[in-house]
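Structure at a glance
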Amino acid sequence: MLKVNVGGKSVDGVLSGEISTFEIDQQKGLWSVGENIFDGDIVKISQNQYHVLWQNRSYNVEVLETGIAGKTYKLLINGQLFETSVKDQFDLLLEGLGMQASISTKINNLKAPMPGLIQSIAVEPGQEVHKGETLLVLVAMKMENIIKSPGTGIVKTLKITAGQIVEKNQVLVEFQ
């Protein structure tokens, strides 16, 4: 069984706050969507485009974005944008046990990926950083390497200063 959450329809490219939830299940070779047996037809037109016939209606579906890790999808259905998330039986079991699978990355410290010179530091203690934000610039072999945050956290201490030479795997930044 799959539990699907669908974010509201697009109005001029902006999603409304409506969210619908329904279940998709397969038993004895038959698919059901909510309480209805799916007796329609799905034809793959191209890599990300499908044509669906269901309950005497035609739907053109294009998959715009796929978030594999979070099981999220952005779909364009007959010109309207929808955001969906899907939970399978294992996600539902973990949720029922109060053990939601978390994709967020808890970071404790950041280590130097290579030896080099710390050219500049873009953060300071107490600052909150998010995944992908620039933390510092490390120069190695005459190349500037922008070191970004691997997750979300708050900078606890800086173990380096601008102009300092560091070794590979040396702790650069500690997080709370």
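Residues numbered from 1 in each chain as written. Predicted model: local features only at pLDDT ≥ 70, side-chain atom pairs only at ≥ 80, totals over all residues. Heavy atoms only, no water.

A word on the sheet that holds strand β14 (residues 128-129)
What the four strands build is an open sheet, ordered β12-β19-β17-β14; its pairing is antiparallel. Strands at the two margins of the open sheet, each flanked by one partner only, are β12 (109-111) and β14. Where β14 meets strand β17 (residues 153-158), two bridges bridge the pair, whose relative direction is antiparallel. Along β17, the bridge assignment pairs E128 with I154. (Pairing = 2+ DSSP bridges. Helix = DSSP H or I, 4+ residues; strand = E, 2+ residues; numbered from the N terminus.)

Brief notes about the nonpolar core
Counting 16 residues, the largest nonpolar core has I118, L135, L136, V166, L172, V173 and F175 as the members making the most contacts within it. Elements represented by at least two residues in this core include exactly β15 (134-140) and β19 (171-175). Discounting chain neighbours no more than four positions away, the residues touching L172 are L110, K111, A112, I118, L136, T157, L158, K159, I160 and V166. Counting residues in each nonpolar core, the second largest holds five residues, with V52, W54, Y59 and V61 among its members. (Core = buried A, V, L, I, M, F, W, Y, C linked by side-chain atoms within 4.5 Å. Buried < 20%, exposed > 50% of the residue type's maximum accessible area, 1.4 Å probe, protein only. Contact = heavy atoms within 4.5 Å.)

Looking at the confidence of the model for the protein chain
For the protein chain, per-residue confidence averages 84 on the pLDDT scale, and residues scoring 70 or more make up 88% of the total. Mean pLDDT in the protein chain bottoms out at strand β2 (residues 10-11), which sits at 44, and peaks at strand β18 (residues 165-166), which reaches 96. Between residues 10-15, whose pLDDT stays under 50, and residues either more than four places distant or in other chains, the model counts eight contacts. (pLDDT = per-residue confidence, 0-100.)

Side note on helix α1 (residues 89-96)
Among the residues of α1, the N-terminal cap falls to D88, whose side-chain oxygen and the backbone nitrogen of F90 are separated by 3.1 Å. Looking one or two residues past α1, G98 carries a phi angle of roughly 75 degrees, positive in sign. (Polar contact = N/O pair within 3.5 Å; in protein donor to acceptor, adjacent residues only side chain to side chain.)

Concerning the side chain of S149
Within the secondary structure layout, S149 lies in the loop between β16 (143-148) and β17. Residue classification places S149 among the buried positions, given a relative accessible area of 4%. What S149 contacts, discounting residues up to four positions off in sequence, is I107, V129, H130, K131, G132, E133 and L135.

Points about unusual backbone geometry
Only a minority of non-glycine residues have a phi that is not negative, and only a minority of peptide bonds are not trans. One non-glycine residue, N78, lies in positive phi territory at about 50 degrees. Looking at where N78 falls in the secondary structure, it is placed in the loop between β10 (72-77) and β11 (80-87). Positive phi is not limited to glycine here, since M141 has a value of about 50 degrees. Within the secondary structure layout, M141 lies in the loop between β15 and β16.

So, the sheet that holds strand β13 (residues 116-121)
On the basis of which strands lie adjacent, the open sheet formed by four strands has the order β16-β15-β13-β18 and antiparallel pairing. What marks the edges here is a single partner per strand, and that holds for β16 and β18. Note: β15 against β16, six bridges, orientation antiparallel. Along β16, the bridge assignment pairs L138 with N145.

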